[in-house]
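# Secondary and tertiary structure notes
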Amino acid sequence: MKRVRSTLQALPLRSAILAACFMSLPGIALAQEDPSDNTQLLEGIQNGERVEITLPDPEKQLPLDDLRKFTEVFSRIKAAYVEEVDDRQLLESAIKGMLSDLDPHSTYLAPKDYEELEESTSGEFGGLGIEVGMENGFIKVIAPIDDTPAQKAGVQSGDLIIKLDEKPVKGMSLEESVQLMRGKPGTVLTLTIMREGENAPVELDVERAVIKVTSVKTRMIEDGYGYVRLTQFQAETGGQFTKALKQLKKDHGSDLDGLVIDLRNNPGGVLQAAVATADALLDEGLIVYTEGRIQSSRLRFSAKDGDVMAGTPIVVLINGGSASASEILAGALQDHKRAVIMGTQSFGKGSVQTVIPLDETHAIKMTTARYYTPDGRSIQATGIKPDIEVKPAELKELDSRPFFTEADLSGHLIGQDEKTEGKDKQAKTDGQNASLAERDYQLRSALNLLKGLHILNRKGADTTQ
């Protein structure tokens, strides 16, 4: 709604006074659609012409009462706080509070914080090796990073850190707590955590180290079945993922019968890396899109022609520690029916943060958009629901007593396909493969599903021939 002030007949003396007033009231100047309008307005007043002034909409202006309240609080702190506080420190604290109160991921980046952000996306930084967020004033572990001090010490996804050494984290900002967790390699930090299922706080001593994160790890879990573990999404993860898949196929000597992509406890990372990873497995179609208030936050990413795995069945493992970019990849493969998603529901971090520089040394990291899967599902606070829910479990073999078969009987009739040569060697290999799956029930379930899909596909091919 626009308000129009009544037309004035300006006299020469009044025109000079009004001109000075307009120059000192930026709110009115900003209300003009074009800066040249201000010049024409002032010239018209000075020439004694009739002018119309469009006042700003009060509903769109800064609330004066709240601004007065801010300055009042500022003055009270300056005058009565127990210790003298520098003006710059107070204003910086106000900026931090303004951003941190929006959501857990928006924050003010001082020079050191900016450097640490760049380090974490490059894949090498000093600290414990955990991805964290804020929850009810405490530090929540989203996921420990593979092969880091935190994981080796037993830190788990979902842990709430309530103390760092002897310092309670309640009341700390996320940046302050991260700063305390990072330090000189070799020094030890004691984490006091609350964990679901524990009656009392748990203390873990974690030795700081230089964290060098390898984002892509591969191995063959059985003949014909590959395994790719993505620990987080760094700038080069997409290219590394494609190379890893080609290497698995080369080592096997042909196309794989199935592939497991492990995104469990992957806290996310660089958006473009997740897009590149999904692109390697999709022939076409939308991968992810973002929606925000400003034009630059409305993005769409689509796949280019070419599936590196040429239709090989894929199972993707996720859990509560799979967040952000991990959910983008899982959601895209799920919507395109390119993979079966297995495990437990993901974390639900479906927002986009943009780093906006303020000057050469300072910036703000602010949430500017939400992620949506190709089918239009919002990831935020809901996460990715697996197609097949498989919770972590330990299996114990109920009957481990030795048993006999016909082949063990002395003098048995030799079977047509019976092979005695290399039996021990094959048994040893099978035992090694079995032990890999037995240590991880969810991985074992994924492998069994891939075997079933391979059998069905093979039977289908035999029928059509």
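Up top is the structure.
Everything in this summary refers to the structure shown in the same document.

Applying the stated criterion to the full structure yields 17 salt bridges. With a shortest N-O distance of 2.9 Å, arginine 68 and aspartate 65 are connected by a salt bridge. Placement of the pair is arginine 68 and aspartate 65 together in helix H4 (residues 64-80), with a separation of three residues, close to one helical turn. Across the salt bridge formed by aspartate 307 and arginine 338, the nearest N and O atoms sit 3.0 Å from each other.

How two aromatic rings sit relative to each other is set out by the distance from centre to centre and by the angle between their planes. Scanning all chains against the criterion turns up two aromatic pairs. Taking the centre distance of 6.4 Å and the plane angle of 35° together, the rings of phenylalanine 70 and phenylalanine 74 count as tilted. Separated by four residues within a single helix, phenylalanine 70 and phenylalanine 74 lie in helix H4, roughly one turn from each other. Arranged with centres 5.2 Å apart and planes meeting at 15°, the rings of tyrosine 289 and tyrosine 372 form a pair that is stacked. Residue tyrosine 289 is located in strand S15 (residues 286-291), and its partner tyrosine 372 is located in strand S20 (residues 363-372); the two are separated by 83 residues in the primary sequence. The same class applies to tyrosine 289 as to tyrosine 372, namely buried. The lysine or arginine in question, lysine 170, covers the ring of phenylalanine 138, its NZ or CZ lying 4.9 Å from the ring centre. Stacked on the ring of tyrosine 289, the Lys or Arg arginine 300 has its end atom at 5.3 Å from the ring centre.

Here the focus is the environment of threonine 237. As for its placement among the helices and strands, threonine 237 is situated in helix H9 (residues 237-252). Remark: the alpha-carbon pair of threonine 237 and alanine 274, spanning 37 residues in sequence, is separated by 7.9 Å. Setting aside residues up to four positions removed in sequence, threonine 237 forms contacts with Ser215, Val216, Leu230, Gln232, Ala273 and Thr277. At 3.1 Å, the side chain of threonine 237 forms a polar contact with the side chain of serine 215.

Moving on, we get to the sheet that holds strand S12 (residues 216-222). If you trace the six strands from one edge of the open sheet to the other, you get S12-S13-S14-S17-S18-S21, paired in mixed fashion. Unpaired on one side and paired on the other, S12 and strand S21 (388-389) mark the two borders of the sheet. Summarising the sheet, strand S13 (residues 225-230) and strand S14 (residues 258-262) pair through five bridges and their orientation is parallel. Across the sheet, residue arginine 229 finds its bridge partner in S14, namely aspartate 262. H9 rests against S12, S13 and S14 of the sheet, and its axis sits at about 25° to S12.

Here we take up the side chain of serine 326. Within the fold, serine 326 resides in helix H11 (residues 325-335). Apart from the residues lying within four places of it in its own chain, the contact partners of serine 326 are Phe233, Leu263, Asn266 and Gly268.

What follows is about the pairing of S14. Within S14, five of the five residues are buried, which leaves it mostly tucked inside the rest of the structure. Residue alternation in S14 divides its side chains into two sets, Gly258, Val260 and Asp262 and Leu259 and Ile261, and both sets are buried. The parallel pair S13 and S14, bridged by H9, forms a crossover whose chirality is right-handed.

Once that is clear, we can look at the packing of H9 against helix H10 (residues 271-279). Following both chains from N to C, one finds H9 and H10 inclined at 25°, their axes separated by 7 Å at the closest point. Considered as vectors, H9 and H10 are oriented roughly parallel to each other. For H9 against H10, the interelement crossing comes out right-handed. Here Thr237, Gly238 and Phe241 of H9 lie close against H10, whose contacting residues are Ala273, Ala276 and Thr277. Residue classes in the contact of H9 with H10 are distributed as three nonpolar, three polar and no charged.

What follows is about unusual backbone geometry. When glycine is set aside, most residues are seen to have a negative phi, and most peptide bonds are trans. Even without a glycine there, the phi angle at aspartate 147 is positive, about 60°. Tracing the backbone through its elements, the reader meets aspartate 147 in the loop between strand S6 (138-144) and helix H7 (149-153). Positive phi, normally seen in glycine, also occurs at lysine 337, with a value near 55°. If you trace the backbone, lysine 337 turns up in the loop between H11 and strand S18 (340-343).

Here we come to H9. Between the first and last C-alpha of H9 there are 22 Å, a value that for 16 residues agrees with the 22 Å anticipated at 1.5 Å per step. By the burial criterion, the buried members of H9 are Thr237, Gly238, Phe241, Thr242, Ala244, Leu245, Leu248 and Lys249. Taken down its axis, H9 places every buried residue within 160° of arc, on the same side. In H9, the exposed positions angled more than 90 degrees off the buried face are occupied by Lys243, Lys246, Lys250 and Asp251. For H9, the elements touching its buried residues are S12, S13, S14 and H10.

What counts, and where the lines are drawn
Residues numbered from 1 in each chain as written. Predicted model: local features only at pLDDT ≥ 70, side-chain atom pairs only at ≥ 80, totals over all residues. Heavy atoms only, no water. Salt bridge = Lys/Arg side-chain N within 4 Å of Asp/Glu carboxyl O. Helix = DSSP H or I, 4+ residues; strand = E, 2+ residues; numbered from the N terminus. Phe/Tyr/Trp six-rings, centres within 6.5 Å; stacked < 30°, edge-to-face > 60°. Buried < 20%, exposed > 50% of the residue type's maximum accessible area, 1.4 Å probe, protein only. Lys NZ or Arg CZ within 6 Å of the ring centre and 35° of its normal. Contact = heavy atoms within 4.5 Å. Polar contact = N/O pair within 3.5 Å; in protein donor to acceptor, adjacent residues only side chain to side chain. Pairing = 2+ DSSP bridges. Axes fitted to C-alpha atoms, helices over the stretch in contact; angles between N-to-C directions. Right-handed = clockwise from strand over helix to strand, strands pointing away. Parallel < 35°, antiparallel > 145°, perpendicular 65-115°, else oblique. Left-handed = near helix turned anticlockwise from the far one by under 90°. Nonpolar A, V, L, I, M, F, W, Y, C, P; charged D, E, K, R; others polar. Expected span 1.5 Å × (residues − 1). Arc of directions from axis to C-beta.

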